Amino acid sequence: MSGERKKLVETVKLRKYFPVSSGFFKTSHVQAVQDVSLHIYEGETLGLVGESGCGKTTYGRTLLQMYSPTSGKIIYDGQTIYDSEKNIRVDMKPYRRKMQLIFQDPSASLDPRMTVGEIIGEALDIHKLYPGKQDRADRISELLTRVGLNSEHANRFPHEFSGGQQQRIGIARALAVEPQFIVCDEPISALDVSIQSQVVNMLEDLQAQIGLTYLFIAHDLSVVRHISNRIGVMYLGCLVELGESYELCAHPIHPYSQTLLSAVPLTDPEKNRTRSRILLQGDIPSPLNPPSGCRFHTRCPYATERCAREMPQLKEHAPGHYAACHMLDAGA
Amino acid sequence: MNNEAMNQTSEKKMTAAERAAMIKNNKILLDVDGLKVTFFTHAGQVKAVDGISYQIHEHEVMGIVGESGSGKSVEAYSIMGLLQKPGRIVGGKVTFDGEDLLAYSDSEKREFRGNKASMIFQNPMTCLNPVYTIGDQLMEALRCHNKEISKAEARKKAIEMLELVGINNADKRIDQYPHEFSGGMRQRAMIAMALICSPKLLIADEPTTALDVTIQAQILELMKDLQRQTGMAIIFITHNLGVVAEICDFVTVMYAGHVMEQGTVDDIFYNPAHPYTRGLLRSMPNLDDEKGKRLIPIEGTPVDLLDPPKGCAFGPRCEHCMKVCLTKQPPMVTVGDDHKSACWLHIKEMKELSSGEVTK
């Protein structure tokens, strides 16, 4: 079904290690993103979920080359913008116009000493868009209206706004350069419950109006399921499952996705009382020294000796539904 | 296996309804009556808590839900006597086990805190002292309230507590420092510390908000188990409705310092009466929603507490807002057995009902 669709962004075995010095002359690495291969179709929303420290934010930022990748390949709109094997690194500036980012904490991502107009205008200035004074002002007020604020707000400072409004300003800034692709890094987790749905609806409307493509990073599965077309589940830097969002939530096949889904509290007391829950033992291992083989084997209820030895590969188990687990290979 | 699951279901169902009935018959442990807390800031007076009332029975787990700024934490701090300047309790009564908490002297308050009631917080790292071992901090809590206990006994009790909250190798772990514990383990250690004097009431202020979902599930299970074992009452403060549905027997919904609705957990989730509660439930995506369903948000922005609306706090954002809502605060109306809601709509409905009966 999706075979004909255009891939806007693709990563092949993208890897990001952060060096940590662990003694004189010795360096070890935090293995934040471990060979993640993914593609995002034009116009779709790909959700990325996982617990803190699983590398989902690092993946988003490495994709935008805010962090320089350790190895792998990034392709944007048919152009290879990074390839460690062929040693390709392009100038990112023209791509920055096409790929933007929305941050988690809206108050931390807005300069408190700049007015909203200056914050949004800065993005226009950097890319030399709308050079005329009047054009620039018109564009800023158009952007503010688009995200549900009004044009007088351009002269105010970020602290004069509530959290939800600040997030709208962050979104207006991202939209200023007319991007095609936006990485939304936990855009609603810092907001109040009653405001979250306003922002989610706005992101959906913007997508419908301008045809944006999103990488939506969040830890709240119910929100990700709502907004995404497909979901990728990450654990300790690895992509463990990828599938159509409703299908993945209804029939998760990787043991980790199953536990993650069963841990989400439902807003239905009766269902909470009756459902069975898979409780994981222990905590996430350190990405400094991840377990051998399948990274989930230390906590997996089905782990065998093979899981400790070999790292499972992501394979298609149903049309469009991928998972990386030895147990599934054996069953098939 | 299917049969077994069915049996379990019906058994659990019974206990849920029975529990609520049992709890109602228990003695009232904490009675908050018209509590008002105001912060006297340079910018003006902020009425963070504006006349809230509720009762906690023994063995009860009550959830207080609200968004940031709804006063849910301030109210808990006031009960524990932890309220800091410029905040001040300006009205109301708080009775614990028959004693007036607000009349306590400082030393009585110290005796009360940790011993009769204790509290756990959102971020365990800021509550644990980084330069003392976990064991030191656990034993300190115990020896503060029980001067006779020897060091060896205190240590034994501390190890027992760590085992109770599910920390493996407790006899080794007790000599470690907080930074050697992971986030979930720290929260477990916090719970152990709060429960070491066997308090009758535990106030949990967003205890799982900083944790990942899988760890949150572990902590919720633990708290449920401990509650059943010790029979303590819990006030569970959170903004996460899913967590409330999971652990609470009764729920109080707060907005801008006012109680909007109170009821059993089934009342609130299956039969919400207040437009704010209904709006909240409707605006949240659920794991079992149909495909392509659009969220229905609550429009507008949260209340500016420096300049709150004159009538109902939720009035300006309410889709059913009437003239009276903007001028007068609604009274608490009983809408079911244990179910109360503060909304003028109920009064309107009652009037229509009674006038309807008259014409009949």
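Residues numbered from 1 in each chain as written. Chains lettered and ligands numbered in written order. Predicted model: local features only at pLDDT ≥ 70, side-chain atom pairs only at ≥ 80, totals over all residues. Heavy atoms only, no water.

The subject of this paragraph is the overall build of chain A. When helices and strands are counted, chain A shows 12 helices and 13 strands. Taking 20 Å as the expected radius of gyration for a compact globule of 332 residues, we find that chain A reaches 21 Å, a close match to that expectation. With respect to the principal axes defined by its C-alpha atoms, chain A has extents near 70 × 55 × 50 Å. For chain A, buried positions account for 55% of its 332 residues. Partitioning the intrachain contacts of chain A with sequence separation of at least 6 by distance along the chain shows that 62% fall at a separation of at least 24. A total accessible area of about 14,300 Å² is found for chain A, and carbon and sulfur atoms account for 50% of it. Treating the 36 positive side-chain charges of chain A as one cloud and the 37 negative ones as another, the clouds have centres 5 Å apart. (Helix = DSSP H or I, 4+ residues; strand = E, 2+ residues; numbered from the N terminus. Rg over C-alpha atoms; globule rule 2.2 N^0.38 Å. Buried < 20%, exposed > 50% of the residue type's maximum accessible area, 1.4 Å probe, protein only. Contact = heavy atoms within 4.5 Å. Areas by Shrake-Rupley, 256 points an atom, 1.4 Å probe, with all protein chains shown as cover. Lys, Arg positive; Asp, Glu negative; His and termini not counted. Charge placed at Lys NZ, Arg CZ, Asp CG, Glu CD.)

Turning to helix 9 (residues 255–263) of chain A, a few remarks are in order. Helical geometry: 3.6 residues make up each α-helical turn, so side chains three or four residues apart lie on a common side. Along helix 9 of chain A, 8 of the 9 residues are buried, which leaves the element largely enclosed by surrounding structure. Burial in helix 9 of chain A covers these residues: Pro-255, Tyr-256, Ser-257, Thr-259, Leu-260, Leu-261, Ser-262 and Ala-263 of chain A.

Residue and element names in this part refer to chain A. Using the criterion set out here, one finds 31 salt bridges over all chains in the structure. With a closest N to O distance of 3.3 Å, Arg-309 and Glu-305 form a salt bridge. You can see Arg-309 and its partner Glu-305 sitting in helix 11 (residues 305–309), 4 residues apart, about one turn around the helix. When its relative accessible area of 53% is taken as the criterion, Arg-309 is described as exposed. Through salt bridges with shared partners, one network takes in Arg-97, Arg-139, Glu-142 and Glu-178. (Salt bridge = Lys/Arg side-chain N within 4 Å of Asp/Glu carboxyl O.)

Further remarks concern the sheet that holds strand 7 (residues 201–205) of chain B. Across a sheet, paired strands are connected by hydrogen bonds in the backbone, their directions being either parallel or antiparallel. Residue and element names in this part refer to chain B. If you trace the 8 strands from one edge of the open sheet to the other, you get 6-7-8-3-9-10-12-11, paired in mixed fashion. At either end of the open sheet lies a strand with only one pairing partner, and these are strand 6 (117–120) and strand 11 (332–334). Recorded for the sheet is a direction-independent mean angle of 20° between the axes of neighbouring strands. Sheet topology note: the strand 10 (residues 258–264)/strand 12 (residues 340–342) ladder contains 2 bridges and is antiparallel. Each bridged residue has a counterpart across the sheet, and for Glu-261 the counterpart in strand 12 is Ser-341. (Pairing = 2+ DSSP bridges. Axes fitted to C-alpha atoms, helices over the stretch in contact; angles between N-to-C directions.)

Listed by partner, the interface residues are 45 residues for chain A and 48 residues for chain B. Buried surface at the junction of chain A and chain B, summed over both partners, amounts to about 4,100 Å²; 55% is from carbon and sulfur atoms. The largest contributions to the chain A side of the interface with chain B come from Val-193, Thr-267 and Arg-273 of chain A, which together make up 16% of the buried area. Across the pair Arg-277 of chain A and Glu-221 of chain B runs a salt bridge, and its minimum N-O distance is 3.4 Å. Among the elements of the structure, helix 6 (193–210), helix 7 (221–227), helix 8 (245–250), helix 9 and helix 10 (269–274) of chain A are those that each provide at least two residues to the side of chain A that touches chain B. A per-element tally of the side of chain A that touches chain B places helix 6 of chain A first, with 9 residues. Across the side of chain A that touches chain B, the residue classes tally to 17 nonpolar, 14 polar and 14 charged. (Buried area = accessible area lost by both parts, 1.4 Å probe. Nonpolar A, V, L, I, M, F, W, Y, C, P; charged D, E, K, R; others polar.)

The quantities given are spatial measurements derived from coordinates; they are silent on function.
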